[in-house]
Amino acid sequence: MQEEISRAGIGRRGLLLSGMALALTPADVWAQVAAGAPLPDRHRTLVTRVCDLVIPDTDTPGAVKAGVPAFLALAIGHGISGSNAPVAAALFTGGKAPAEAGILDWLSFELDLKAGRAFLSASPDMQIRVLTDLDSQAYTRGNEKSPWRTLKGLIVTGYYTSEIGASQELRFELVPGRFDPDIPVGPKDRAWSNDWTAVEFG
Amino acid sequence: MSTDFDAIVVGSGITGGWAAKELTEKGLKVLMVERGRHIEHGADYVTEMKSPWEMPFRGVGDPQLYATDFAVQSKNRHFTEYTQNHFVNDRENPYSVAEGTEFNWWRSYQLGGRSLTWGRQSYRMSDHDFGANKQDGHGVDWPIRYADLKPWYDHVERFIGVSGQNEGLSSLPDGIYQPPMALNVLEKHAKAAIEAKWPDRRLTIGRTANLTQEKEGRSACQNRMICQRGCSYGAYFSTQSSTLPAAQATGNLTLITDTVVETVDYDAKTKRASGVSVLNVKTGERRRYAARIIFMNAGAFNTNHVLLRSRSAAFANGLGNSSGRLGTHIMDHASTVGAIALFDSFQDRTTFGNRPTGIVIPRFRNLGDHAEGDFVRGYSFQGGALRSAWTRGKREPGIGAGFKENLRNVGPWRMVLVTFAESLPRETNRLRLDPAKVDAFGAPLLQVDFTHGENEHKALTDAGKEASAMLTAAGGKVIMSLNRPGVGGSAIHEMGGAMMGHDPRTSVTNRWNQLHDVPNVFVTDGAAMASSACQNPSLTYMAMTARACDTAVKMLKEGRI
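In this text the structure is predicted, and so the values were computed from the model without any measurement.

Cut-off values and rules
- Residues numbered from 1 in each chain as written.
- Chains lettered and ligands numbered in written order.
- Predicted model: local features only at pLDDT ≥ 70, side-chain atom pairs only at ≥ 80, totals over all residues.
- Heavy atoms only, no water.
- Helix = DSSP H or I, 4+ residues; strand = E, 2+ residues; numbered from the N terminus.
- Buried < 20%, exposed > 50% of the residue type's maximum accessible area, 1.4 Å probe, protein only.
- Contact = heavy atoms within 4.5 Å.
- Areas by Shrake-Rupley, 256 points an atom, 1.4 Å probe, with all protein chains shown as cover.
- Arc of directions from axis to C-beta.
- Pairing = 2+ DSSP bridges.
- Axes fitted to C-alpha atoms, helices over the stretch in contact; angles between N-to-C directions.
- Core = buried A, V, L, I, M, F, W, Y, C linked by side-chain atoms within 4.5 Å.
- Buried area = accessible area lost by both parts, 1.4 Å probe.
- Salt bridge = Lys/Arg side-chain N within 4 Å of Asp/Glu carboxyl O.
- Nonpolar A, V, L, I, M, F, W, Y, C, P; charged D, E, K, R; others polar.

1. Structural notes on the overall build of chain A
What chain A contains, in helices and strands, is 10 helices and one strand. When the elements of chain A are put in sequence order from the N terminus, they spell out α-α-α-α-α-α-α-α-α-β-α. In chain A, which comprises 202 residues, the share counted as buried stands at 49%. The contacts of chain A with a sequence gap of at least 6 include a subset with a gap of at least 24, amounting to 52%. Put simply, chain A shows about 8,600 Å² of open surface, and 56% of that area lies on carbon and sulfur atoms.

Now the structure itself:
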């Protein structure tokens, strides 16, 4: 285990520098991973920051105020979209990772690697650049299995199924009462979050 | 409670409800036996009014629970956290599949059965369909034609309420409809483009058992599109909204739930079924009920299962199985995504409300004298046009305020055509009792042995090309087209096994849906189907049921059964 962590190189440094993990040895960290703790302290701050970067407060509250970090903890704890599966070693661009590394370990490694330091200690501008870079790469052809697609999918789901996301950022009407087949729509019109067929197929 | 009835109806789903209604209204004392729990209309639709944020898993559901308890059901797109209480627990209700095969058997064991969870599409079969087996030699000839069922289609549509548009097509006979739901702006455009290029094709709104006008204490549809949670408005046809209250109003119905029919019992002296043996799945108590006639409405495969289990000296291989064909020639529909296309047009137009039906492009292949393509029979498309929702954010790059701003608006138009191809009746596609595996009560599991054949693959290949051509003609850019069918059962149209036919040596049920061998047992659910057509089949099951009830009561009165 120690050997593998060392070979992870910058990933290991990033892990040790990221947030709450400072007092832990690598063995402690991986023991937690193996135990399947859904959102250990060392990840909570990172998840909150990343949620905020993906869907920030604007004229409506963003992902953090909508409680998305807690949804992510639940989702990963129960494996929604396969998010509790170990991440394949090959997906760690920073070097070989232990077999039991989870999706948030991957995120932490990759962000630290791209930042060249602990992501959470980087400036907000740099965090945006780093996450934008990670996001762009994940959505290029050939990267369909990127764990980031899974995580971002959960953030999007968590936000637009929250009361804030569904009914303040978008519009929600459980009982439309009628069907209008052809009405005008402009750039300032908010979509309906409960257009169920579009949610499923769109 | 009395244990003697005029009739016993096995099952309370789409056809069981109909049998109970028709038989009680004709004055018979009827016992309806449902294996699942009681679900009270309205009061027990516990998730109906929930918003996503009120659900523990936001409507997505708990994958850990699904892995242990709903391994098959959770593959169904209608199965969600809102609807999981309307599907069976796979762990508690196992079945098996033949080695090397797969089958998704999606089930609802509860009062109302799959009438609570069905897709509500309601189509008549035509003489193209009833004549197909005779014409091309697959399966056995149907002993009925459209004219036999037409009055019963009328009867059923009048009662359940179907909204739709008459089109005068030979492949999809017209019916008695409430006003149709509306095509949206892109669907209207696509209709015009497709019909201009292919005059023999028609795009029309789905004929759906959702009311567009109030009807006998049932409200018009509220355009929520959350039907499978249960609808306290009673706006779609279900046992609870429609047939059960009618049956109960007669005072002739006795309903028991949590009770599975283990066997239909046979009296070798009278050569009639004498009743059913049941098991209360909560208490473990077993008992018998007697009746003059039995209606098998357990759902196609479970009707087969009960008959296969009903073994006696006279019928060692299952009740009514002197032909050896009970359980054979099972079918589904071969279904896949014909095509999905993106559209640049109508970006300043959208829709409001959730219409609970899509569009249909009825069968247009192989209707004339000459064969088209390298396959027999045909397929139809169902689908629709929509503007993408927030879920597109999962597959698009972007973070931050711009990403959020983009998802605030409706997304691009897309149109989907899903293919449903006819499944040919084949003797090798069959059900049998599992030779080794048993359920918690010691009963042999039902084993499904099913694969789609070459004809279905060819039909889907043709359909993929045609769907792509039609969406392209409408101005779309096709982004996906598939031609491999989903696993058997995926259309949730599993049927057959007790097929109707003229000849007792080659079929299981006759033209009145009676077992050839045991004339007081009527099989009127999907088990009786001799071919699948490519239409959604439930309306045909209802019409067959109503027709058989009429016949059964006449025969009873005349002392013929």
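2. Remarks on helix H9 (residues 401-408) of chain B
All buried positions along H9 of chain B are accounted for by Phe403, Lys404, Leu407 and Arg408 of chain B. An end-on view of H9 of chain B places all buried positions within 145° of arc, on one side of the element. Those residues of H9 of chain B hidden inside the fold are in contact with helix H4 (41-54), helix H8 (147-160) and helix H9 (163-169) of chain A.

3. Quick notes on the sheet that holds strand S10 (residues 334-343) of chain B
All names here are of chain B. Reading across the sheet, the six strands line up as S4-S12-S13-S14-S10-S17 and stay open at both edges, with antiparallel pairing between neighbours. Two strands close off the open sheet at either side, each with one partner strand: strand S4 (204-205) and strand S17 (477-480). Running at roughly 60° to strand S14 (residues 413-421), helix H6 (residues 185-197) makes contact with S10, strand S12 (359-361), strand S13 (379-387) and S14 of the sheet. Relative to the sheet, helix H10 (residues 454-473) contacts S10, S12, S13, S14 and S17, its axis offset from that of S10 by approximately 15°.

4. Focus: the nonpolar core
In terms of nonpolar packing, the biggest core is built from 118 residues, with Ile160 and Ile294 of chain B touching the most fellow members. Not counting the four nearest positions on each side in its chain, Ile294 of chain B is found in contact with Ile8, Val10, Val264, Ala273, Gly275, Val276, Asn520, Val521 and Phe522 of chain B. One finds Val50, Val68, Ala138 and Tyr160 of chain A within the second-largest nonpolar core, a separate group that totals 53 residues.

5. A look at the interface of chain B and chain A
At the interface, 59 residues of chain B touch 68 residues of chain A. Taken together, both faces of the contact between chain B and chain A bury some 5,500 Å²; the carbon and sulfur share is 61%. Area buried by chain B at its contact with chain A is led by Phe352, Trp390 and Arg408 of chain B, which between them contribute 17% of it. Inspection of the region where chain B meets chain A yields four salt bridges. Among the salt bridges present, the one from Arg408 of chain B reaches Glu169 of chain A, with a minimum N-O distance of 2.7 Å. Of all the secondary structure elements, the ones that give two or more residues to the side of chain B that touches chain A are helix H2 (63-69), strand S11 (349-352), S13 and H9 of chain B. With five residues, H9 of chain B is the largest single contributor of residues to the side of chain B that touches chain A. Of the residues in the side of chain B that touches chain A, the class split is 24 nonpolar, 17 polar and 18 charged. As defined by bridge partners, strand S1 (residues 180-184) of chain A adjoins S11 of chain B across three bridges and the pair is classed as antiparallel.

6. Observations regarding the pattern of salt bridges
Any two side chains of opposite charge can pair, so long as their charged atoms come close to each other. Residue and element names in this part refer to chain B. Per the stated rule, a full pass over the model turns up 46 salt bridges over all chains. We note a salt bridge from Asp90 to Arg107, for which the minimum N-O separation is 3.5 Å. A residue pair is termed long-range when its members are at least 10 positions apart, and Asp90 in the loop between H2 and strand S3 (96-97) and Arg107 in the loop between S3 and helix H3 (127-130) qualify at 17 residues. Taking relative accessible area as the criterion, Asp90 reaches 10% and is therefore assigned buried. Asp550 is paired through a salt bridge with Lys554; the nearest N and O atoms lie 2.9 Å apart. Highlighted residues: Asp550 and Lys554, both in helix H11 (residues 538-557), separated by four residues, approximately one helical turn.

7. What to know about helix H8 (residues 300-309) of chain B
A large share of H8 of chain B lies buried, amounting to 10 of its 10 residues. Among all positions in H8 of chain B, only Ala300, Phe301, Asn302, Thr303, Asn304, His305, Val306, Leu307, Leu308 and Arg309 of chain B are buried.

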